[in-house]
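# Understanding the architecture of this molecule
The lines below spell out each chain.
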Amino acid sequence: MEYQFSNDKPIYLQLMDVFKVAIVSGELPKGERLESVRDLAIVAKVNPNTMQKALSELERIGLVRTERTSGRFITDDEELILSMKNEIAEQEISVFLEKMKSIGISKESVIKLISEQ
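Computed from a prediction, not measured in an experiment: that's the story for all the values here. (Residues numbered from 1 in each chain as written. Predicted model: local features only at pLDDT ≥ 70, side-chain atom pairs only at ≥ 80, totals over all residues. Heavy atoms only, no water.)

### Here's the deal with the packing of helix H1 (residues 11-25) against helix H3 (residues 48-60)
To be explicit about the condition: Here, axes are lines fitted to C-alpha atoms. For helices the fit covers the stretch in contact, and angles between N-to-C directions go from 0 to 180 degrees. In DSSP terms, a helix is any run of H or I states spanning at least four residues, a strand is any run of E spanning at least two, and both are numbered starting from the N terminus. The cut-offs work like this: below 35 degrees is roughly parallel, past 145 is roughly antiparallel, 65 to 115 is roughly perpendicular, and the gaps in between are oblique. Each crossing gets its hand from how the near helix is turned against the far one by less than a right angle, where anticlockwise is left-handed and clockwise is right-handed. Pairs of residues are marked as contacts when any of their non-hydrogen atoms sit within 4.5 Å.
Taken N-terminus to C-terminus, the directions of H1 and H3 make an angle of 55 degrees; their axes are 8 Å apart at the nearest point. Classed by the angle they form, the pair H1 and H3 counts as oblique. Note on packing geometry: the crossing formed by H1 with H3 is right-handed. Seen from H1, the contacting residues are Ile 11, Tyr 12, Leu 15, Met 16, Phe 19 and Lys 20; seen from H3, they are Thr 50, Met 51, Lys 53, Ala 54, Leu 55, Glu 57 and Leu 58.

### Points about the confidence of the model for the protein chain
Low-pLDDT stretches of the model should not have their predicted coordinates read in fine detail. Note the cut-off: pLDDT is defined as a per-residue confidence score from the predictor, taking values between 0 and 100.
With 100% of its residues at a pLDDT of 70 or more, the protein chain shows a mean pLDDT of 95. The secondary structure element of the protein chain with the lowest average pLDDT is helix H5 (residues 107-115), at 93, and the one with the highest is H3, at 98.

### Concerning unusual backbone geometry
Formally: Note on classification: 1.4 Å probe, protein chains only; a residue is buried when its accessible area is under 20% of the maximum for its type, exposed when over 50%, partly exposed between these limits.
Although it is not a glycine, Lys 45 adopts a positive phi angle of roughly 60 degrees. Relative to the helices and strands, Lys 45 is located in the loop between helix H2 (37-44) and H3. Residue Lys 45 is classed as exposed on the basis of its relative accessible area, which comes to 75%. For Thr 69, which is not glycine, the phi torsion reads 70 degrees and is therefore positive. With respect to the helices, strands and loops of the structure, Thr 69 is situated in the loop between strand S1 (64-67) and strand S2 (71-74). Using a relative accessible area of 86% as the deciding quantity, one classes Thr 69 as exposed.

### Things to note about the side chain of Lys 20
Our working rule: When charges are counted, Lys and Arg are positive and Asp and Glu negative, with His and the chain ends excluded. We count a salt bridge whenever a side-chain nitrogen from Lys or Arg sits within 4 Å of a carboxyl oxygen from Asp or Glu.
One can find Lys 20 in helix H1. Within the buried set, Lys 20 has no salt-bridge partner at all; the shortest N-O distance to an opposite charge, 4.4 Å, is to Asp 17. Excluding residues within four positions of it along the chain, Lys 20 makes contact with Leu 58, Ile 61, Leu 63, Met 84 and Ile 88.

### Notes on the layout of surface pockets
Counted only if it meets this: We place a 1 Å grid over just the protein atoms. Points where a 1.4 Å probe fits but has no way out form a cavity, open points with protein on both sides within 12 Å along at least 5 of 7 lines form a pocket, and any residue with an atom within 4 Å of a point lines it. Grid points are joined across faces, edges and corners, and a volume is the space filled by probe spheres set on the points. Ten residues, namely Ala, Val, Leu, Ile, Met, Phe, Trp, Tyr, Cys and Pro, are considered nonpolar, four, namely Asp, Glu, Lys and Arg, are considered charged, and the remaining ones, Gly among them, are considered polar.
The volume enclosed by the largest pocket comes to roughly 240 Å³. Together, Lys 9, Asp 17, Lys 20, Val 21, Glu 87, Ile 88, Gln 91, Glu 92 and Val 95 line the largest pocket. Residue contributions to the lining of the largest pocket peak at 5 residues, all from helix H4 (residues 78-102). Split into classes, the residues belonging to the lining of the largest pocket amount to 3 nonpolar, 1 polar and 5 charged.

Quick look at the structure:
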């Protein structure tokens, strides 16, 4: 996973975004055991508390689960992963359409351009 942080939102939210993309893309396969918080924090070059917060939030939304004494794992829930994939796609499409609108290209023109590819 590649970590590149910006100053526009909290680091733990950016970490969550990285994990979400890695999960829906299959880079982190369903059911896979995650490294320890400390090891993940070292790789990402963040404070372990920040990594812990990101993982706790991912657990809260169901993408990660904790098994006592065994560690944290990526969810096995294929429907949840597909739902998250669609949510990410919708967000990216909205951002893209807003950028196109800002340069004067309508949604209909974007669709036409895409269909010609």
